[in-house]
Amino acid sequence: MKKLLAILFGLSTIAAAAAPDMPRFRWENFTTENSGLPDNHVFNVKVDGERVWAGTEQGLAVYERGKWKVYGTQDGLAHRAVLFIDVDPATGDVWAATMGGLSRLSAGRFVNYTQLNSGLPNDVVYGVAVQGDFVWVATAAGAGRFNTRTSQWSLYNERNTPMYEIWTYAVSPGPDKVYLAVWGGGLLEYDVRTERWKDYNDPDGETEMVVLRDQGLIHEITTSVSYPGNGVVWVATYFGASRYDGRNWKGFLTYDSGMPSNFLNQVKAVDNDRAWFSTDKGLAYYDGANWAVYRPALDTRKPEMIVRDAAGNSTRIDVDTAPAHNYIFGVDFQGDDIWVATAHGLSHGIRTKNEPRRLAQAPRSARH
């Protein structure tokens, strides 16, 4: 019996030692209880050099040099609920997508764009992205593009694009293409050179399941898109994720990947091969072959990190900290660090060296 136990222990140790070397972090969490964060419901985070902007349910917050500053409607913000943020690298202007219009923070003052005073397609703005002199928005009634030089708006909806649903959820521009995630309408691609649109849809047309795997977009209900500008686009949906390289589609689902859930709020690409996935059951990282999940354990709420290798073997890594909550809205990068917007606070993942620690095979119930 002792010999059998020794053999089993040896096999477990070998398997653990072979776990892929994935990024590890020491997590520092900001909530209303321990910081100047105005609300624990953090919809989005945007890194701006040494500053970190957070879009919350109670205003726009910025963290700089250990201190918080909050902007609300009393300061000129269009609406208290800030859903997305982007920063113009050329001017430093901060663009905030809110539930009541688009806000531009420039030189300490707000300028607001609404349906009444501008060409904004709709006051409910889900996404915003800067592309040179243009600012793209995704709204509840189509997309828009604002020319900051001429102050002119261009509108994109069912009249002049293949869009058959007008509820645009996210926008991701690159130097050659602009992509829109259309909730219930798949993915739209805008060619900057030809100014033409193309749509990508779920080929099986099923709303409750995936029938045709890797034959196209995994689902029509797209929630996020990330285009790093190198010919590959990543798409998040409420029923899995997709990667498209211009010729081939690759789908990701919980049963054959390391994603903890098929319900995704955001995908954020690092490059063509690597991406971060924000789900309702934790934060996932994919390096092109292996996966890592970071979260408070769904049952015990204790810090948890699970690594899944390319062969499908899962290993739990011993960690002391985790993101503030398992429901993740989005991420952004600050060097090797990562900032995470969650349903209960903003988390700062400080990259650490992958020092050898106790490893154990993850139980099957904890692998997703």
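Everything below is about the structure printed above this text.
Explain the overall build of the chain here, please?
A tally of regular secondary structure across the chain gives one helix and 31 strands. Sorting the 368 residues of the chain into buried and exposed places 54% on the buried side. Once local pairs closer than 6 in sequence are excluded, the contacts in the chain between residues at least 24 apart make up 47%. For the chain, the exposed surface amounts to about 16,700 Å²; the carbon and sulfur share of it is 48%.

Please explain the pattern of salt bridges as it appears in this structure.
Should their charged atoms come close, side chains of opposite charge can pair. Within the structure shown, the criterion is met by 10 salt bridges. Here Lys268 makes a salt bridge to Asp332, at a shortest N to O gap of 3.6 Å. With Lys268 in strand 22 (residues 264–269) and Asp332 in strand 28 (residues 328–334), the pair connects residues that are 64 residues apart, well separated along the chain.

Would you take a moment to explain the nonpolar core for this structure?
One recurring pattern in soluble globular proteins is that nonpolar side chains are buried together. Val52, Trp68, Trp339 and Leu346 are the most contacted members of the largest nonpolar core, which totals 18 residues. Secondary-structure elements contributing two or more residues to this core are strand 2 (42–48), strand 3 (51–56), strand 4 (59–64) and strand 29 (337–342). Beyond its immediate sequence surroundings of up to four residues, Leu346 is in contact with Glu28, Asn29, Phe30, Leu37, Val42, Val45, Val52, Ala54, Trp68, Trp339, Val340 and Ala341. Trp27, Leu283, Ala292 and Val331 belong to the second largest nonpolar core, which has 16 residues in total.

Would you take a moment to explain the pairing of strand 18 (residues 222–226) for this structure?
A regular strand carries its side chains on alternate faces of the sheet. Most of strand 18 is tucked away: five of the five residues are buried. Bridging between strand 18 and strand 19 (residues 233–237) involves four bridges; their strand directions are antiparallel. Bridge assignment links Val225 to a residue of strand 19, and that residue is Val235. In this structure, the hairpin formed by strand 18 and strand 19 is closed by a connection of six residues, where Gly229 is found at a positive phi of approximately 90°.

Help me understand the sheet that holds strand 1 (residues 24–30), please; the structure alone is not making it clear to me.
Through backbone hydrogen bonds, the strands of a sheet pair up, either in parallel or in antiparallel fashion. Here four strands make up an open sheet; going across it, the order is 1-30-29-28 and the pairing antiparallel. Pairing within the sheet leaves two strands with one partner each, and these edge strands are strand 1 and strand 28. Sheet twist, expressed as the average angle between the axes of neighbouring strands with direction ignored, equals 25°. Here strand 28 pairs with strand 29 via six bridges, running antiparallel. In the sheet register, Ile328 faces strand 29, and the bridge partner there is Thr342.

Explanation requested: the environment of Ser154 in the structure shown.
Looking at the secondary structure, you find Ser154 in strand 13 (residues 153–156). In this structure Ser154 comes out as partly exposed when scored by relative accessible area, which is 24%. When the C-alpha atoms of Ser154 and Trp136 are compared, they prove to be 9.4 Å apart, with 18 residues separating the residues in sequence. With residues near it in sequence (within four places) discarded, Ser154 still touches Ala143, Gly144 and Arg145.

Would you explain the sheet that holds strand 17 (residues 197–200) in this entry?
Strand order across the open sheet formed by four strands is 14-15-16-17, with antiparallel pairing between neighbours. On the outer flanks of this sheet lie strand 14 (168–173) and strand 17, each paired with one strand and no other. Strand-to-strand twist across the sheet, computed as the mean angle between neighbouring axes with direction ignored, equals 20°. Pairing of strand 15 (residues 177–182) with strand 16 (residues 186–191), which is carried by six bridges, proceeds in the antiparallel orientation. Within strand 16, the position partnered with Val182 by the bridge is Gly186.

Rules behind the numbers
- Residues numbered from 1 in each chain as written.
- Predicted model: local features only at pLDDT ≥ 70, side-chain atom pairs only at ≥ 80, totals over all residues.
- Heavy atoms only, no water.
- Helix = DSSP H or I, 4+ residues; strand = E, 2+ residues; numbered from the N terminus.
- Buried < 20%, exposed > 50% of the residue type's maximum accessible area, 1.4 Å probe, protein only.
- Contact = heavy atoms within 4.5 Å.
- Areas by Shrake-Rupley, 256 points an atom, 1.4 Å probe, with all protein chains shown as cover.
- Salt bridge = Lys/Arg side-chain N within 4 Å of Asp/Glu carboxyl O.
- Core = buried A, V, L, I, M, F, W, Y, C linked by side-chain atoms within 4.5 Å.
- Pairing = 2+ DSSP bridges.
- Axes fitted to C-alpha atoms, helices over the stretch in contact; angles between N-to-C directions.

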